[in-house]
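Read off the chains here:
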Amino acid sequence: MKKLFDTGNAAVTEGAILAGCSLFAGYPITPATEIAENMSRRLPLTGGYYVQAEDETAALHICIGASLGGMKAMTSTSGPGYVLYADPYGWAIGSEIPVVIINAQRVGPVSGITGAPGQGEFYLSRYPTHGGNFETIVLAPGSVQEAFSMTVEAFALAERFRTPVTILADQLVTDGWESFEIPENAEEALSLGLYAPARRVHQGPCFYPASDHIDLPPVVLGRGTGGACSDWTPTEEGYDTEDAAAHMRHAYRLIHKIRRHREIIDRQESYMLEDNPKIVLVSYGSPSRVARSAVKAARERGLSAGCIRLKSLWPFQDQLFRRKAVYMAVELNAEGQLVREIERASHAPAHFFGTCGELPAASALLEAIARLSRGLPPESLRWEREAW
Amino acid sequence: MDRLAVKYLRPRKTPSTACSGCGLGQVHKKILLAIEQLGLGINDIVWGTGIGCSGRQTFNTWKGDNFAGTHGRVYALATGLRLALPEDKKIILTVGDGDAFGIGLSHLLHCARRNAGITVIVADNFGYQSTGGQYGYTTPQSRVTDSSPYGLTDPNWLQNGLDILNLLRDAGAGFLARHLSFEGQNAVESIKRAIGNKGFSLVHIIYPCVTHFGEISLKTGDREAIFRWFENLFDGRSGDPGTPAFKSGIFHDAVGARPEFSAALKAWTSSLRQKENPRA
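Cut-offs applied
Throughout, a residue's number is its position along its own chain's written sequence, starting from 1. Chain labels run from A onward and ligand labels from 1 onward, assigned in the order the entries are written. Local features in this predicted model are restricted to residues of pLDDT 70 or higher, and side-chain atom pairs are both shown and tallied only at a pLDDT of 80 or more, whereas totals for entire chains, interfaces and linings draw on every residue. A run of H or I in DSSP becomes a helix once it reaches four residues, and a run of E becomes a strand once it reaches two; helices and strands are each numbered from the N terminus. A radius of gyration in this sense is built from C-alpha atoms; the matching globule rule multiplies 2.2 Å by the number of residues raised to 0.38. Exposure classes come from backbone-placed C-beta atoms, where a residue is buried if 20 or more other C-beta atoms lie within 10 Å of its own, exposed if 12 or fewer do, and partly exposed in between. By the convention adopted here, residues are in contact when the distance between their C-beta atoms, placed from the backbone, does not exceed 7 Å. Gly is put with the polar residues, along with every residue not named as nonpolar or charged; the nonpolar set is Ala, Val, Leu, Ile, Met, Phe, Trp, Tyr, Cys and Pro, and the charged set is Asp, Glu, Lys and Arg. In this description, strands pair whenever DSSP reports at least two bridges between them. Domain segmentation is taken from an automatic or database assignment of domains. For every element, the axis is a line fit to its C-alpha atoms; helices are fit only across the contacting stretch, and the angle between N-to-C directions ranges from 0 to 180 degrees.

**A word on the overall build of chain B**
Within chain B one finds eleven helices and seven strands. In summary, chain B has a C-alpha radius of gyration of 19 Å against a globular reference of 19 Å for 280 residues, a match within 12%. If you line up chain B on its principal axes, its C-alpha atoms span 70 × 45 × 30 Å. Expressed as a percentage of its 280 residues, the buried residues of chain B come to 53%.

Right, here's the structure in full:
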């Protein structure tokens, strides 16, 4: 293994190269610019291409065009660019084209504070495009090491499921510096389970309506297969159709190819849950690290607490919330997004602890746990704790 | 069945899904004639389309590989595809005036700037006809359309001094031409030159929409009268002050003057790798 000390942005780049990414198209945006810069430095030397696009809409279109031609492609952005992906994102979902998308979330709405972390695209990553009738795959790294490994995993999932995969990171994970290790050769990577299958070329049909099969090669053009794909509802051969029954079959596939293979996608990490604690903190990305410290401190004070860190966000892991507990979502936003899914999955009200543009203090989380143990609401937001 | 349709088009997509009397078929046929005269086969071309009449009615008609992009973005999609395809594969895009000169103009100009090896055929029917006949960016001024019921005041890309082809030339396009769909071999020759160009080419072909533009803007369902109006337009004989006079033929020919995007990027990458790692 090679030991490096660098940012999450650098780790993403190394993961993409290991996974066989040969095209990156992007548009500069804080705090994801460094990924583009790193790709522009690394890709040409590994036989790949860096293309700077005129905007994020073009960036993802260039990626899916290259993927349609048989290349593995990736783009990266932050919230203001992620919304511009809506158009090509839907195209890639519908045409079942693999592509990897990194979103280094910053605080919003709109431009917000460019260099401050946020978690505002939890739901947007579930519904990254219009029209419904699809399921998405979204992963969430919590460290620089994970930013590396999850990028490789995202490429593998994109190929296996013929779909775009979003890595929903946050600014602290992508800009943060940490030590991390990367395999030095293919054998070492394989031994760690880091493997992204090579692109295969479909020989037809182009689409598999009403099938939940995975590991099917996507449509690749320019190989004499007579492949066809479009933004329209497709028949098996890729013809555009206006038949509602055909659309239902297409929707079935887009939803169930993902829902029926949850065991390949679901990822989570739990801490101090073995004794069924009364209070369970739930988070993803960088706030998870504070949540873990707060739980450790709470245990030292004899409070019954544990935590869950979600490493995959969508499809949502409802099964994690069947245990009866007082759940509190810890998020980098002030309105509560993850908390709503926890309430839905647990069929009970859940608590929310939110911060804007900065991590919560472990002491504030500890205080919230202490209040919850006494049956009091957590006073999560600063405007509830302090007079402004 | 037309000989060219049998040779190049998918049986499932013939006859065309366009309205009866639509001029799009004339554009489609000219492209096929050009392909035949260039001696290109089914697997030499990957055919992409945009949104609207021109895109939808030509999508997946080609017997080889096909794709349709989202509205106005097929130029960016084709840019990525260009990098993945071998140099000798041609990419032809059939798109409409709204797709190319409206929603997709930024991507189109960047495609010309990069000189990506793509042939764009803009099949222009003077507005958004598949949505019912709203005006576009080439619709002659003063014309009544579904979204300009009192006459069109919005300036367009075909007015004196505002020609869209000027913009594309300045953006770096290698070959540009303009024709009317019912012209003959001269239009086919332009398409041949466009497809033969390794870099970015665009041929702007205006064709009559007999359904909406004809009935709403020209106030006639008479096919011959509609075709005659378009013919007069090109001869500058229309006599309509809101109707620009067109000149048909090659607008700009700088074929080969600039390196093609994907070939240049591939050559540069390969030389960089040689320099960094001479033993590789």
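Having seen the model, we can carry on.
**Thoughts on the interface of chain B and chain A**
Of the residues lining the interface, 30 residues belong to chain B; the matching set on chain A comes to 36 residues. Elements with a minimum of two residues in the side of chain B that touches chain A: strand E2 (65-68), helix H4 (74-84), helix H6 (105-114) and helix H11 (261-276) of chain B. A per-element tally of the side of chain B that touches chain A places H4 of chain B first, with eight residues. Within the side of chain B that touches chain A, the residues separate by chemical class into 13 nonpolar, eleven polar and six charged. With two bridges connecting them, strand E10 (residues 228-229) of chain A and E2 of chain B associate as parallel partners. Counted as the bridge partner of Cys229 of chain A is Phe67 of chain B from E2 of chain B.

**Observations regarding the environment of Ala59 of chain A**
Residue and element names in this part refer to chain A. Structurally, Ala59 can be placed in helix H3 (residues 56-68). Along the chain, Ala59 and Met74 lie 15 residues apart, while their C-alpha atoms are 9.3 Å from each other. With near-sequence residues (within four places) excluded, Ala59 lies in contact with Ala25, Gly26, Tyr27, Ala53 and Thr75.

**Some words on the domain arrangement of chain A**
Residues and elements named next belong to chain A. The domain boundaries assigned to chain A delineate domain 1 (2-191) and domain 2 (270-385). For domain 1 and domain 2, the distance between their C-alpha centroids amounts to 27 Å. Taken together, the contact between domain 1 and domain 2 spans 23 residues of the former and 21 residues of the latter. Of all the secondary structure elements, the ones that give two or more residues to the side of domain 1 that touches domain 2 are strand E6 (113-117), helix H6 (122-126), strand E7 (137-139), strand E8 (164-170) and helix H8 (171-175). Tallied by class, the residues present in the side of domain 1 that touches domain 2 amount to 14 nonpolar, six polar and three charged.

**Remarks on the packing of H4 of chain B against H6 of chain B**
Residues and elements named next belong to chain B. For the pair H4 and H6, the least separation of the axes is 8 Å and the interaxial angle reads 30°. Taken together, the residues of H6 that come into contact with H4 (itself represented by Tyr75, Ala76 and Thr79) are His107, Leu108, Cys111 and Arg114. For the contact of H4 with H6, the residue count by class is four nonpolar, two polar and one charged.

**A look at the sheet that holds strand E15 (residues 326-331) of chain A**
All names here are of chain A. Read across the open sheet, the five strands follow the order E11-E13-E12-E15-E16; overall the sheet is mixed. Of all strands in the sheet, those with a lone pairing partner are strand E11 (268-271) and strand E16 (351-354), marking the two edges. Pairwise comparison of adjacent strand axes, ignoring direction, gives a mean angle of 20° for this sheet. Taken together, the four bridges between E15 and E16 define a ladder with parallel strand orientation. Residue pairing across strands places Glu331 opposite Gly354, the latter belonging to E16. Strands E11, strand E12 (279-283), strand E13 (305-310) and E15 of the sheet are contacted by helix H12 (residues 287-300), whose axis makes an angle of about 165° with E13.

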